[in-house]
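Summary of the model geometry
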Amino acid sequence: MTYAVTGSAPLETRVLIAAALTATAAATPVAGLLAHRAAVRAGRARDLRIDTRRGVDESCFAPIGGLDQWLSIRGEDRANPVVLELHGGPGSSNAVLAHLSRSWERHVTLVRWDMRGTGKTLRRSGAAGQGELTFDRLLSDAVEVIEHVRARLGVARVVLLGCSFGSALGLRIARSRPDLVSAYVGTDQKVFDGGRDTTDHRDVLERLDRAGKKKEAAAVRAAGPDQRTWTAEQFAHFNRFAAATDPYTFAAMKSVVMKSLWYSPLHSLPELGTFFQSFLVSAAVLPGTATLDDRADGTRFDVPFFLVQGARDLVNTPARARAFYDEVQAPAKSFTLIEEAGHFAAYRRPDLFLDLLRTDVLPTLTTTR
């Protein structure tokens, strides 16, 4: 049984939704699909409950940068270190992955944030109410979120967990505001070089040509290799093509992200549509990243520095992340490859990521309260 998925979502997105629903329905009659979803969601909601005496499970809209932005704070012991996760995309809320990171919350207090233009923040005020959508605005918002979390939880500093696009924000905060950050952890690390390296453009073109995707290849050729000239739409198309032609990343999008979204107890059916709208709205941020240059900004960090990459990631390649890591000077650092994983490496193997947190990251932390 297959399902038709329509609407304004890009083709690759519609394919992913259809694949997730088809996989879900493989052992479930069509008439029982929503009932099966409800049962799984109820089970996941039970698994997500935090009922320890010193635990915290809060979600709210906080006034960040003049806009109500959604925050979630979860952990089994308020005395644990605080980890602020900066999601990818832009526009890719990690709130749908909450069940995968449940074990992390026994060891850290995990704070999630739907950035402006994303998820519940987008749904709260609508696309027209998101205000300025630029990289600098998101960076300023992120610092304000840290200040809010510090005040709310009574901590001096937080561990920054930067995921894909969010790692670009995390790098800059960890470098410039060590007074707010106790350690930096980047996964699917994005490294900008001011547009000098055009191998991504070449590699995506080669994969599209091999797959016979003539229309998509023509669009990438027309955009040219210089990202500094791209429009928001061209950035969004390129990012989708890069993910769709990366077999490990595409598989993770189906089996990890789409299934998690479908069964998320934190998201209603209408919010599933908002999840995909977020990518379209947040694409406005991308042209402002074309001239970013991480090496020019500096490779010295005054906080412990950790990178975690999928060994098969063709979107943010481990080779590029490793080359940057090798130049980093930090009080402590480590580089970890997760084998047989592409993008979304930490969520493809949340058990291995937790091992990294417990054995490498947390022992480096000094008192943060």
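Residues numbered from 1 in each chain as written. Predicted model: local features only at pLDDT ≥ 70, side-chain atom pairs only at ≥ 80, totals over all residues. Heavy atoms only, no water.

Points about the pattern of salt bridges
- Applying the stated criterion across every chain, the model contains 29 salt bridges.
- Linking Arg-175 and Asp-294 is a salt bridge whose minimum nitrogen-to-oxygen distance equals 3.9 Å. Of this pair, Arg-175 sits in helix H5 (residues 165-176) while Asp-294 is found in helix H11 (residues 294-297), placing the two residues 119 residues apart along the sequence. Neither residue differs from the other here; Arg-175 and Asp-294 are each classed as buried.
- Each of the salt bridges in this network shares a partner with another, and the network as a whole consists of Asp-57, Arg-74, Glu-76, Arg-102, Glu-105 and Arg-106. (Salt bridge = Lys/Arg side-chain N within 4 Å of Asp/Glu carboxyl O. Helix = DSSP H or I, 4+ residues; strand = E, 2+ residues; numbered from the N terminus. Buried < 20%, exposed > 50% of the residue type's maximum accessible area, 1.4 Å probe, protein only.)

Structural notes on the packing of aromatic side chains
- Following the criterion strictly, the structure yields 10 aromatic pairs and no others.
- Where Trp-104 meets Tyr-347, the ring centres are 5.2 Å apart and the plane angle is 40°; that geometry is what we call tilted. With Trp-104 in the loop between strand S3 (82-86) and strand S4 (109-113) and Tyr-347 in helix H13 (residues 345-348), this pair connects stretches of sequence that are 243 residues apart.
- Judged by its relative accessible area of 1%, Trp-104 falls in the buried class.
- Consider the rings of Phe-301 and Phe-305, whose centres lie 4.8 Å apart with planes at 45°: the pair is tilted.
- The buried category is assigned to Phe-305, whose relative accessible area is 0%. (Phe/Tyr/Trp six-rings, centres within 6.5 Å; stacked < 30°, edge-to-face > 60°.)

Let's talk about the packing of helix H9 (residues 247-263) against helix H10 (residues 269-282)
- One way to put it is that H9 packs onto H10 with a least axis distance of 9 Å and a crossing angle of 150°. Taken together, the axis directions place H9 and H10 in an arrangement best described as roughly antiparallel. Where H9 abuts H10, its residues Val-257, Met-258, Leu-261 and Trp-262 lie against Leu-269, Leu-272, Phe-275 and Phe-276.
- Taken together, the residues of the contact of H9 with H10 sort by class into eight nonpolar, no polar and no charged. (Axes fitted to C-alpha atoms, helices over the stretch in contact; angles between N-to-C directions. Parallel < 35°, antiparallel > 145°, perpendicular 65-115°, else oblique. Contact = heavy atoms within 4.5 Å. Nonpolar A, V, L, I, M, F, W, Y, C, P; charged D, E, K, R; others polar.)

Focus on the sheet that holds S3
- Ordered by their spatial adjacency, eight strands build an open sheet running S1-S2-S4-S3-S5-S6-S7-S8, and the pairing between neighbours is mixed. Both outer strands of the open sheet, strand S1 (56-64) and strand S8 (333-338), are each paired with one neighbouring strand and no more. Between one strand axis and the next, the sheet turns by 20° as a mean value, whatever way the strands run.
- Where S3 lies against S4, four bridges are found, and the strand directions are parallel. For Val-83, the partnering residue across the bridge sits in S4 and is Leu-110. (Pairing = 2+ DSSP bridges.)

Quick word on the side chain of Asp-293
- You can see Asp-293 is positioned in the loop between H10 and H11.
- What makes Asp-293 buried here is its relative accessible area of 15%.
- A distance of 2.6 Å separates the side chain of Asp-293 from the side chain of Arg-196, its partner in a polar contact.
- Not counting the four nearest positions on each side in its chain, Asp-293 is found in contact with Arg-172, Phe-192, Asp-193, Gly-194 and Arg-196. (Polar contact = N/O pair within 3.5 Å; in protein donor to acceptor, adjacent residues only side chain to side chain.)

With respect to the confidence of the model for the protein
- With 91% of its residues at a pLDDT of 70 or more, the protein has an overall mean of 91.
- In this model residues 1-22 is a low-confidence stretch, pLDDT under 50, and it forms 33 contacts with partners more than four residues away in sequence or in other chains. (pLDDT = per-residue confidence, 0-100.)

Focus: the nonpolar core
- Within the largest apolar cluster, 46 residues are counted, with the highest numbers of intra-cluster contacts made by Leu-84, Leu-86, Val-158, Leu-160, Tyr-184 and Phe-305.
- Broken down by element, this core gets its largest block of residues, seven residues, from helix H4 (residues 135-153).
- Ignoring sequence-local partners within four residues, the contact set of Leu-84 consists of Val-111, Val-145, Ile-146, Val-158, Val-159, Leu-160 and Leu-161.
- With 39 residues, the next largest nonpolar core counts Val-83, Leu-97, Tyr-263 and Phe-276 among its residues. (Core = buried A, V, L, I, M, F, W, Y, C linked by side-chain atoms within 4.5 Å.)

A short note on the side chain of Thr-289
- Of note, Thr-289 is situated in the loop between H10 and H11.
- Looking at Thr-289, its side chain comes within polar contact range of the main-chain oxygen of Leu-286, at 2.7 Å.
- With sequence-adjacent residues up to four places away left out, Thr-289 is seen in contact with Phe-135, Phe-165, Phe-192 and Phe-235.

Describing unusual backbone geometry
- With an omega dihedral of 5°, the bond running from Gly-89 to Pro-90 counts as a cis peptide bond.
- Within the secondary structure, Pro-90 is located in the loop between S3 and S4.
- The phi dihedral of Asp-188 is positive, around 55°, even though this residue is not glycine.
- By the element assignment, Asp-188 lies in the loop between strand S6 (181-187) and helix H6 (199-210).
- What makes Asp-188 buried here is its relative accessible area of 4%.
- One non-glycine residue, Phe-344, adopts positive backbone phi at about 60°.
- Judged by its relative accessible area of 18%, Phe-344 is buried.

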